[in-house]
Amino acid sequence: MDLDETDLAIVRELQTDGRLTYETLAQRVGLSRPATRMRVQRLQESGAVRVVAITHPAVRRLTASAHLAIGTQGAAGPVAHAIAELPEAPFVTLTSGRRAIMTELRTAGLAELERTIERIRALKGVRAVDPLIATRHVKDPYLPAEEPTVAPQDDVDERILAALEEDGRLPFAELAARIGLSAGATRSRTLRLLDGGVAQVVALVRPEVLGMGHLCGFSLRVTGAAADTARLVAALPRVTFLSTCLGGAELVGTITAESFTSVRTTLEEMRELPQVREVDSWLHLELVKERYALGPRTV
């Protein structure tokens, strides 16, 4: 799908706040309200952009996470799709390099994380699993960074979250009809959840739509405190995701770039950091799954 500068401006605004009204969005990009609405609907219908609510992991009690590099015996595609069926796996890609699959796991505690990793080890076609246990998410383009200041109160709040996780731009009137409350009560409850950090509504955008179609994963071995190096790596403009971790590396992350040259430049910038002693990297070849509506809902 070819996007012009106005489309790209709309996408950038929705990445910051997916529930911007059409009036506000129109003012910011310099279009009429009907023209803005038409463009947003076209972007969503094309599949280039999905606007969804992402609930804070703490609300779902998802306190443990890991990044797994998975080697396969035979074709990797069927294994990746089997992993994508697991509700604990929000992100699965086919990759180049030493391991054919990368996946992220989020679970309710380390015991469940261990069980999920063992389930993946037992899948047909899995030859090796190298886990990196995340200790802190330093930079994440989608997940809420701050801890929530409120919590879902009841099943009505949970139904609001579930509806917004499917379509983050549902109008309050339609959302109210789905959950059986007045539009005013629905608006009040929704704003409480969003303003309190329970969830945020963002645009999930295919990187190639923004001309940033080259995704490179990396892991770093560092000397000294990992947090010190993490701050420097997170400041690199093309690093879009970064976690500190335990295992075969101290940092793991993603570069999103417009060209292989830009990927190489960012990797070189990392290698030049005095605390970095080893860089491993791989290309994300196919996004199999990206869905952050995870975990058991708790009331």
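Refer to the structure above for everything that follows.
The residue numbering used here restarts from 1 in each chain and proceeds along that chain's sequence as written. With the structure being a predicted model, the display of local features is reserved for residues of pLDDT at least 70 and the display and counting of side-chain atom pairs for 80 or more, all residues being used for whole-chain, interface and lining totals. The side-chain numbers reported here are obtained from all heavy atoms of the structure, hydrogens and water having been left aside.

### Topic: the overall build of the protein chain
In step 1: Numbering goes from the N terminus for both helices and strands, where a helix is a DSSP run of H or I of at least four residues and a strand is a run of E of at least two. Secondary structure summary: the protein chain contains 10 helices and 10 strands in total.
In step 2: The quantity called the radius of gyration is restricted to C-alpha atoms. Its globule counterpart is 2.2 Å times the number of residues to the power 0.38. The globule rule puts the C-alpha radius of gyration for 299 residues at 19 Å, and the 20 Å found for the protein chain is close to it.
In step 3: Taken along the three principal axes of its C-alpha coordinates, the protein chain extends 55 × 45 × 40 Å.
In step 4: Each residue's exposure class comes from its accessible area (1.4 Å probe, protein chains only) as a fraction of the maximum for that residue type: buried when under 20%, exposed when over 50%, partly exposed otherwise. Each of the 299 residues in the protein chain was classed as buried or not, and the buried ones make up 48%.
In step 5: Any pair of residues with heavy atoms lying within 4.5 Å of one another is described as a contacting pair. Taking all contacts inside the protein chain whose residues are at least 6 apart in sequence as the whole, residues at least 24 apart take part in 74%.

### Some thoughts on helix H8 (residues 183-195)
In step 1: Residue count minus one, scaled by 1.5 Å, sets the expected span of a helix. With 13 residues, H8 extends 18 Å from end C-alpha to end C-alpha; this agrees with the ideal 18 Å at 1.5 Å per step.
In step 2: Residues of H8 that are buried include every one of Thr-186, Thr-190 and Leu-193, and no others. Projected onto a plane normal to the axis of H8, the buried residues spread over an arc of 60° and lie on a single side. Exposed residues on H8 whose side chains face more than 90 degrees from its buried face are Gly-184 and Asp-195.
In step 3: At its buried positions, H8 is contacted by helix H6 (155-166), helix H7 (172-179) and strand E6 (199-205).
In step 4: Looking one or two residues past H8, Gly-197 carries a phi angle of roughly 80°, positive in sign. The arc in question is the one spanned by the directions pointing from the helix axis to the C-beta atoms.

### Remarks on the packing of aromatic side chains
In step 1: Two rings from Phe, Tyr or Trp (for Trp, the six-membered ring) form a pair when their centres are within 6.5 Å of each other. A pair whose planes differ by under 30 degrees is stacked, one over 60 is edge-to-face, and the rest are tilted. Within this structure, the stated rule accounts for 0 aromatic pairs.
In step 2: Lysine NZ or arginine CZ positioned within 6 Å of the ring centre and within 35 degrees of the ring normal marks a charge as sitting over the ring. One Lys or Arg, Arg-19, reaches over the ring of Phe-172 and ends 4.7 Å from the middle of that ring.
In step 3: The positively charged end of Arg-169 is found above the aromatic ring belonging to Tyr-22, 4.6 Å away from the centroid.

### Describing the layout of surface pockets
One simple way to see leftover space: roll a probe sized like a water molecule over the atoms.
In step 1: Both site types are read off a 1 Å grid over the protein atoms alone. A 1.4 Å probe that fits but cannot get out defines a cavity, while an open set with protein on both sides within 12 Å along at least five of seven lines defines a pocket; lining residues have an atom within 4 Å of a point. Grid points are joined across faces, edges and corners, and a volume is the space filled by probe spheres set on the points. In this structure, the second largest pocket encloses a volume near 630 Å³.
In step 2: For the second largest pocket, the lining is made up of 26 residues, of which Arg-19, Leu-20, Arg-169, Leu-170 and Pro-171 are closest to its centre.
In step 3: Contributions of two or more residues to the lining of the second largest pocket are made by helix H2 (22-29), helix H3 (33-46), strand E1 (49-55), H6, H7 and H8.

### A word on the packing of H7 against H8
In step 1: Lines fitted to the C-alpha atoms define the axes, with helices restricted to the stretch that makes contact. Angles between their N-to-C directions range from 0 to 180 degrees. Viewed as axis vectors pointing N to C, H7 and H8 meet at an angle of 100°, and their least axial separation amounts to 8 Å. Looking at the two axes, H7 sits roughly perpendicular to H8. Contacts between H7 and H8 involve Phe-172, Leu-175, Ala-176 and Ile-179 on the former and, on the latter, Ala-183, Thr-186, Arg-187, Thr-190 and Leu-191.
In step 2: Each residue receives one of three labels: charged for Asp, Glu, Lys and Arg, nonpolar for Ala, Val, Leu, Ile, Met, Phe, Trp, Tyr, Cys and Pro, and polar for the others, Gly being one of them. Its residues assigned to classes, the contact of H7 with H8 shows 6 nonpolar, 2 polar and 1 charged. Here roughly perpendicular refers to angles of 65 to 115 degrees, roughly parallel to angles under 35, roughly antiparallel to angles over 145, and oblique to all remaining angles.

### Description of the packing of helix H1 (residues 5-16) against H3
In step 1: Running from amino to carboxyl end, H1 crosses H3 at an angle of 80°, the nearest separation of the two axes being 11 Å. Classified by the angle their axes make, H1 and H3 are roughly perpendicular. Seen from H1, the contacting residues are Thr-6, Asp-7, Ile-10, Val-11 and Leu-14; seen from H3, they are Arg-39, Val-40, Arg-42 and Leu-43.
In step 2: Here the contact of H1 with H3 is built from residues that sort into 5 nonpolar, 1 polar and 3 charged.

### Some words on the side chain of Thr-95
In step 1: Looking at where Thr-95 falls in the secondary structure, it is placed in strand E3 (residues 91-95).
In step 2: Within the local environment of Thr-95, its side chain forms a polar contact with the backbone oxygen of Arg-99, the two atoms lying 2.8 Å apart.
In step 3: Contacts of Thr-95, omitting those with residues within four sequence positions, involve Ala-100, Ile-101, Met-102, Trp-282, Leu-283, His-284 and Leu-285. Here a polar contact is taken to be a pair of N or O atoms separated by no more than 3.5 Å, where protein atoms must pair a possible hydrogen donor with a possible acceptor and residues adjacent in sequence count only if both atoms sit in side chains.

### Things to note about the side chain of Thr-256
In step 1: Relative to the assigned elements, Thr-256 resides in strand E9 (residues 251-257).
In step 2: At 2.8 Å, the side chain of Thr-256 forms a polar contact with the side chain of Thr-240.

### Side note on the pattern of salt bridges
In step 1: Each salt bridge in this description consists of a side-chain nitrogen of Lys or Arg and a carboxyl oxygen of Asp or Glu lying within 4 Å of one another. Tallied over the full model, the rule gives 22 salt bridges.
In step 2: Glu-118 serves as the salt-bridge partner of Arg-121, at 3.1 Å between the closest nitrogen and oxygen. On the criterion of helical spacing, the pair formed by Arg-121 and Glu-118 is a turn pair, its members being 3 residues apart in helix H5 (residues 110-121).
In step 3: Residue Glu-118 is classed as partly exposed on the basis of its relative accessible area of 42%.
In step 4: With its nearest N and O atoms 2.9 Å apart, the salt bridge here joins Asp-154 to Arg-189. Here Asp-154, found in the loop between strand E5 (126-139) and H6, pairs with Arg-189, found in helix H8; they are 35 residues apart in sequence, far enough to count as distant.
In step 5: Owing to a relative accessible area of 24%, Asp-154 belongs among the partly exposed residues under this scheme.
In step 6: Three or more residues are tied together by salt bridges with common partners; here these are Asp-4, Asp-7, Arg-39 and Arg-42.

That is the geometry; function is a separate question.
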